[in-house]
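These are the residues of each chain, in order.
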Amino acid sequence: MGELREGVWVWFWWAAAAMAGLAAVDWAVRRGHGWWWTKGMDAGRKGRLPAGDMGWPLVGGMWAFLRAFKSGDPDAFINSFHHRFGRAGLYRAFMFSSPTILVTSPDACKQVLMDDATFCTGWPKATVTLIGARSFISMPEEEHRRLRKLTAAPINGFDALSAYLAFIDATVVSTLRRWSSETKTKPIEFLTELRRMTFRIIVQIFMSGAGEATMEELERSYTDLNYGMRAMAIDLPGFAYHRALRARGRLVAALQGVLDERRAAAGKKMNRGVDMMDRLIEVEDEQGRRLEDEEIIDVLVMYLNAGHESSAHITMWATVFLQENPDILAKAKAEQEEIMRSIPPTQKGLTLRDFRKMEYLSQVVDETLRFVNISFVSFRQATRDVFVNGYLVPKGWKVQLWYRSVHMDPQVYPDPKKFNPSRWEGPPPRAGTFLPFGLGSRLCPGNDLAKLEISVFLHHFLVGYRLERENPNCRVRYLPHPRPVDNCLAKIIRVSSDDGY
Ligand code: HEM
């Protein structure tokens, strides 16, 4: 008996010593890694860096980040910095193979986003490879300004939005009718179908006249591209990043095909209006230089992706939240029915004037954007040493802007985990506290179009349909975007024959 107890004690001490040894090694490796990235700095600069943890070489904070997002508690990653280092709003870390400052407070985010002279884009290399080195996320600043002006104007403002509204409206109505008829026999993946619908809309704006087959091929490839977007950049068969690279190859080939057709048809009479692809083909800089095919393709790969993924996800979540909150649904439905009653019988479809009357629905959409955090983080890089909130952001370091932390900050949004559209009543939010579309010169150029699309869908859904999910408690996956793992398998049930038309 005595020998057994002694044996247990020996094992206990061995285990304790091993754990202490591992903790010491962990501490030493982290310190060594932190030292490596600051070794060239004098004590003054080093002392002004924000607190943080550079983690182990190569992986840095990536394990903790992926663990938090894959375990279903995405806020755990930034919360661990808050707990260990206080709510400073800036932390140092090592992310995506680079020394990085994490920015989590509204004021600091605003300062970074409004200072283009000091902060350029700093997306991870793997993302740039997937979206395109000649797209907005990595092209030179001057080129970005020029192409942004060219491409943002046709998707913004009263005239542009009015021009797309009829197509969006008709697409939504026919799609909802088709789903409700199809789901009489079996449920559909609501999110997958919404992606197809929003893709159809963005293709109409950017590449009108694209055939059904091209559209389906492109949309399928975008699904693979997106799954690889926030995955580890491992280019080996079986990994999401590898599949995403192949998907990019297919997208480039398909877009090149369309571009070749357009060039071949140049000068011939078209039976369609001018779209974004035409504008990109025609544009010239001051020296008369036109864009190369690679540039046009990268800009299109980026726009077609940005222009359908987020809108589809937000539309799905807004529908789900409405269905899960009967009081909110009743209030939103009453507003839309009121708007419908005010539409003269001679008017065909919704107008922008009707859209502007959707005050409560706009609050529902804003709350969904805040709550879902579809773009949870954005990437910049410091071009010089700069102080933000009193902390040094060293030249060359990456900067991650954590929009998600701003939107989930209880000091900015009381009870942040409650879906509450009424929090948007009253004056607009303080600058920097609501960043679903970013801010500054890289503010999302599709923000108005996205809100219009989402609202038109919700309008028709509210007046005529109901969502019945197959797995209402389905697990949510947070990468690359928050979505139920069953892609929201559901039936769309028509509850009124008067669906707005
Ligand atoms: C709910 C829908 C959408 C959300 C939440 C969203 C979110 C965002 C955010 C946060 C950014 C800024 C990224 C940064 O700070 O670096 C951005 C940029 C961008 N978005 Fe959107 N977006 C949406 C819809 C759209 C649509 C419909 C389009 C196209 C028509 C679009 C095209 C773009 C483009 C091209 C950029 C890059 C802008 C630049 O770098 O100048 N987005 N989006």
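Since the structure is predicted, the reported quantities are computational estimates derived from the model, not experimental observations. (Residues numbered from 1 in each chain as written. Predicted model: local features only at pLDDT ≥ 70, side-chain atom pairs only at ≥ 80, totals over all residues. Heavy atoms only, no water.)

**As for the coordination of the iron atom of the ligand**
Angles between donor atoms at a metal ideally measure 109.5 degrees for a four-coordinate tetrahedral arrangement and either 90 or 180 degrees for a six-coordinate octahedral one. Only one protein atom coordinates the iron atom of the ligand: Cys-444 (SG), located 2.3 Å from the metal. Mapping Cys-444 onto the fold places it in the loop between helix H18 (403-407) and helix H19 (447-464). (Donors = N, O, S within 2.8 Å, 3.2 Å for Na, K, Ca; no water. Helix = DSSP H or I, 4+ residues; strand = E, 2+ residues; numbered from the N terminus.)

**Comments concerning the nonpolar core**
Membership of the largest hydrophobic core comes to 119 residues, with the highest contact counts inside it found for Phe-65 and Phe-457. Ranked by the residues each element gives to this core, the list is headed by helix H9 (residues 190-206), at 10 residues. Residues within four places of Phe-65 in sequence aside, it is in contact with Phe-77, Met-95, Phe-96, Phe-376, Trp-402 and Leu-479. With 23 residues, the next largest nonpolar core counts Met-41, Met-54, Tyr-403 and Leu-435 among its residues. (Core = buried A, V, L, I, M, F, W, Y, C linked by side-chain atoms within 4.5 Å. Buried < 20%, exposed > 50% of the residue type's maximum accessible area, 1.4 Å probe, protein only. Contact = heavy atoms within 4.5 Å.)

**A short note on helix H17 (residues 359-372)**
Since there are 3.6 residues in each turn of an α-helix, residues three or four apart along the chain are aligned in direction. Along its 14 residues, H17 runs 20 Å from first to last C-alpha, staying within 8% of the 20 Å computed at 1.5 Å per residue. Counted residue by residue, H17 has 12 buried out of 14 residues, so it is predominantly covered. Where H17 is concerned, the buried positions are Tyr-360, Leu-361, Gln-363, Val-364, Val-365, Asp-366, Glu-367, Thr-368, Leu-369, Arg-370, Phe-371 and Val-372. Where H17 is buried, its residues contact helix H14 (309-324), helix H15 (326-342), H18 and H19. Note on H17: the residue one or two positions beyond its end, Asn-373, has a positive phi of about 55°. (Expected span 1.5 Å × (residues − 1).)

**Some details on the pairing of strand S2 (residues 98-103)**
With six of six residues buried, S2 lies mostly within the body of the structure. Residues Ser-98, Thr-100 and Leu-102 of S2 are buried on one face, and the alternating residues Pro-99, Ile-101 and Val-103, pointing to the opposite face, are buried as well. The pairing of strand S1 (residues 90-95) with S2 spans six bridges and is classified as antiparallel. Bridged to Met-95 within S2 is Ser-98. Between the end of S1 and the start of S2, which pair antiparallel, lie two residues, with Phe-96 showing a positive phi angle near 45°. Inspection of the sheet shows S2 paired to strand S8 (residues 398-401) by four bridges, in the parallel sense. Of the residues in S8, the one forming a bridge with Thr-100 is Lys-398. (Pairing = 2+ DSSP bridges.)

**So, the UniProt feature "binding site: heme" (unreviewed entry) in the protein chain**
Sequence positions flagged by UniProt for "binding site: heme" (unreviewed entry) are, in local numbering, Cys-444. Discounting chain neighbours no more than four positions away, the residues touching Cys-444 are Arg-148 and Phe-437. (UniProt positions renumbered as here; feature names shortened; annotations may be inferred.)

**A short note on the layout of surface pockets**
Roughly 410 Å³ of volume is contained in the second largest pocket. Every residue lining the second largest pocket is counted, 20 residues in all, and those nearest its centre are Lys-70, Tyr-227, Ala-231, Arg-477 and Leu-479. For the lining of the second largest pocket, the elements supplying multiple residues, two or more each, are helix H3 (62-70), helix H10 (212-227), helix H11 (240-264) and strand S10 (476-477). Its residues assigned to classes, the lining of the second largest pocket comprises 12 nonpolar, one polar and seven charged. (1 Å grid on protein atoms, 1.4 Å probe; cavity = no way out; pocket = protein on both sides within 12 Å on 5 of 7 lines; lining within 4 Å. Points joined across faces, edges and corners; volume = space filled by probe spheres on them. Nonpolar A, V, L, I, M, F, W, Y, C, P; charged D, E, K, R; others polar.)

**Concerning the pattern of salt bridges**
Applying the stated criterion across every chain, the model contains 33 salt bridges. The closest approach of N and O atoms between Asp-26 and Arg-30, which form a salt bridge, is 3.0 Å. With Asp-26 and Arg-30 both in helix H1 (residues 2-38), this residue pair falls four residues apart, about one helical turn. Residues Arg-30 and Asp-53 are paired through a salt bridge, measuring 2.7 Å at the closest nitrogen-oxygen approach. Residue Arg-30 is located in helix H1, and its partner Asp-53 is located in the loop between helix H2 (43-48) and H3; the two are separated by 23 residues in the primary sequence. You can call Arg-30 partly exposed: its relative accessible area is 30%. We classify Asp-53 as buried; its relative accessible area is 15%. Ionic contacts of the salt-bridge type, sharing partners, join the residues Arg-134, Glu-143, Arg-146, Asp-285, Arg-289, Glu-292 and Glu-295 into one network. (Salt bridge = Lys/Arg side-chain N within 4 Å of Asp/Glu carboxyl O.)

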